[in-house]
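# Coordinates in review
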Amino acid sequence: MEKKGLIYMDHAATTPARSEVIEAMLPYFAGKFGNPSSVYRIGRESREDVEAVREQTARALGAEPEEICFTAGGTESDNWAIKGVAYANRHQGKHIITSAIEHHAVLHTCEYLEQHGFEVTYLPVDRYGSIDPGAVSDAITDKTILISVMFANNEIGTIEPVAGIGRIARDHGIPFHTDAVQAVGNLPIDVDEMKIDLLSLSAHKFYGPKGVGALYIREGVKIDGFIHGGGQEGGRRAGTENLPGIIGLGKAVELAAGAIKERSAHLREKRSRLTDGILGSIPHTSLNGHPELRLPGNVSVTFRDVSGESVLRMLDEHGVCVSTGSACTSGSLRPSHVLLATGLTPEEAHGTVRFTLGRTNTLGDIEYVLDVLPGIIDDLRQTPHHHGDACYLYRKSGGRTSSEPL
Ligand SMILES: *Cc1c(COP(=O)(O)O)cnc(C)c1O
């Protein structure tokens, strides 16, 4: 098959900003540059435009505008939700419940809190990566001050029973945070229906700009401010607003909110073709994550007896961008905590590749991958693989954990 241009299949890591988003942002770098806190006309106009995005974002989640705070992305939103609620409620108790498969923005924040006197329960998952709401119930003590469980997993795509967990949290009067960074734009979300009290989102995961996101904070939730300084974001997240970023977030939310069902159906169709094609043509291969309750674009596959890093590298030579299930840190392979939690062995985790499809992937892209992949896997299985090999990217990038699933 003819070599194509870039085939991007790593939409869980980031997405390209849509042209409508860039167009909406451009005037705000120079022409409409007024500080939203300034009182003259161009300042007031910036304020109005920021508040319009706040309303738009709130509407997309079934929230009120006052409950939306803009942040610098998903990582900051997760940090704020968890540390903010932990410190504001520490006199009631110091116990937090989360899961073993959260994004590092949640896990490392919880580990930090453990070093500061908090106690964290990391709930296990089944082989599909699903969390049992009953296990959440069982983990609750009279010291529990926060439950944080992700909406959908970024590595294996599994959608968690958020509404069920939300109901349990509400019944116990415990605030419930969900990292919905992978869900926004892919799945319908209603914070009231699902009894969500705090929700993290990030614009660059749904065709908006990088470095901007939001934290939904339900009215009445006790939470500390996160960045101290001026009065922005109700004094809880100080600093002059990222005006172009927020405008871009607004446009991305607007484009993402419409026709979620139709877009997801299209993505699922492509996902099925890629999944069936890989599993049907390459032996000793299995799909990770839940077979049905999964993100519409996620295809996480384990190839036995190959290193995912090698597959990534070979696909890269064909212009195809994917991720792996392991991260090279300090020169040694650290298998993904998510894959290990689902019961994969470290070897299986190392043989895992994540394809995440997005709006611009065509069936032609998928056919191309299905055309080249069997040969790649076959070649790699013929050559004995070295563990050092798998850390090629790590060394080449000077120690960056370039292949870490984002
Ligand atoms: C990408 C991602 C994050 C981090 O978001 P950033 O905006 O890149 O900081 C957090 N959680 C999940 C599930 C993600 O996929």
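Here, every reference points to the structure presented above.
Residues numbered from 1 in each chain as written. Predicted model: local features only at pLDDT ≥ 70, side-chain atom pairs only at ≥ 80, totals over all residues. Heavy atoms only, no water.

## Regarding the side chain of Thr178
Checked against the element boundaries, Thr178 lands in strand E6 (residues 176–179). By relative accessible area, Thr178 is classed as buried at 0%. Here the side chain of Thr178 touches Val149 through a polar contact of 2.7 Å, landing on its backbone oxygen. Filtering out sequence-adjacent residues up to four positions away, Thr178 remains in contact with Val149, Met150, Phe151, Val162, Ile196, Leu198, Leu199 and Ser200. (Helix = DSSP H or I, 4+ residues; strand = E, 2+ residues; numbered from the N terminus. Buried < 20%, exposed > 50% of the residue type's maximum accessible area, 1.4 Å probe, protein only. Polar contact = N/O pair within 3.5 Å; in protein donor to acceptor, adjacent residues only side chain to side chain. Contact = heavy atoms within 4.5 Å.)

## Quick notes on unusual backbone geometry
Despite not being glycine, Glu233 shows a phi value in the positive range, around 50°. Among the structural elements, Glu233 can be located in the loop between strand E8 (213–217) and helix H7 (243–257). Even without being glycine, Asp305 reaches a positive phi, approximately 65°. With respect to the helices, strands and loops of the structure, Asp305 is situated in the loop between strand E10 (298–303) and helix H9 (308–317).

## With respect to the environment of Ile196
Here Ile196 shows up in the loop between E6 and strand E7 (198–202). Placed 30 residues apart in sequence, Ile196 and Gly166 show a C-alpha to C-alpha distance of 5.8 Å. The contact partners of Ile196, leaving out residues within four places of it in the chain, are Phe151, Val162, Arg170, Phe176, Thr178, Val191, Tyr216 and Arg218.

## Side note on a nonpolar patch on the surface
Taken together, Ile22, Leu26 and Phe29 make up a surface patch of nonpolar side chains, about 310 Å² in accessible area. Of note, Leu26 is situated in the loop between helix H1 (19–25) and helix H2 (41–61). By relative accessible area, which is 53% here, Leu26 ends up exposed. (Patch = residues over 30% accessible without salt bridge, like charges linked within 9 Å, V, L, I, M, F, W, Y side chains within 5 Å. Areas by Shrake-Rupley, 256 points an atom, 1.4 Å probe, with all protein chains shown as cover. Salt bridge = Lys/Arg side-chain N within 4 Å of Asp/Glu carboxyl O.)

## Focus on the site of the ligand
In the vicinity of the ligand there are 14 residues, among which Thr75, Asp179, Gln182, Ser202 and Lys205 approach most closely. Contact between the ligand and Gln182: an oxygen atom at 2.7 Å from a side-chain N or O atom of the residue. His204 places a polar side-chain atom, nitrogen or oxygen, 2.8 Å from an oxygen atom of the ligand. Here the ligand has 380 Å² of accessible area as a free molecule, and 89% of this is covered by the chains. Along the lines of polarity and charge, the residues of the shell around the ligand split into 3 nonpolar, 8 polar and 3 charged. (Near = heavy atom within 4 Å. Nonpolar A, V, L, I, M, F, W, Y, C, P; charged D, E, K, R; others polar.)

## Some thoughts on the nonpolar core
Membership of the largest hydrophobic core comes to 59 residues, with the highest contact counts inside it found for Leu61, Ile147, Phe151 and Leu199. Of the residues forming this core, the biggest block, 7 residues, is contributed by H7. Each of two domains, domain 1 (19–257) and domain 2 (260–396), supplies a minimum of three residues to this core. If we skip the residues at most four places from it in the chain, Leu199 touches Leu61, His177, Thr178, Ala180, Ile189, Val191, Ala214, Leu215 and Tyr216. (Core = buried A, V, L, I, M, F, W, Y, C linked by side-chain atoms within 4.5 Å. Domains from an automatic or database assignment.)

## Quick notes on the sheet that holds strand E15 (residues 352–356)
If you walk across this open sheet you meet the 4 strands as E9-E10-E15-E12, and the pairing is antiparallel. Two strands in the sheet have a free side with no partner beyond their single neighbour: strand E9 (285–287) and strand E12 (323–324). Sheet topology note: the E10/E15 ladder contains 5 bridges and is antiparallel. Bridging from a neighbouring strand, Thr302 pairs with Thr352 of E15. Across the face of the sheet, helix H8 (residues 260–281) comes into contact with E9, E10 and E15 while running at roughly 10° to E10. Its contacts with the sheet place helix H12 (residues 363–382) against E9, E10 and E15, and it is angled at close to 25° to E10. (Pairing = 2+ DSSP bridges. Axes fitted to C-alpha atoms, helices over the stretch in contact; angles between N-to-C directions.)

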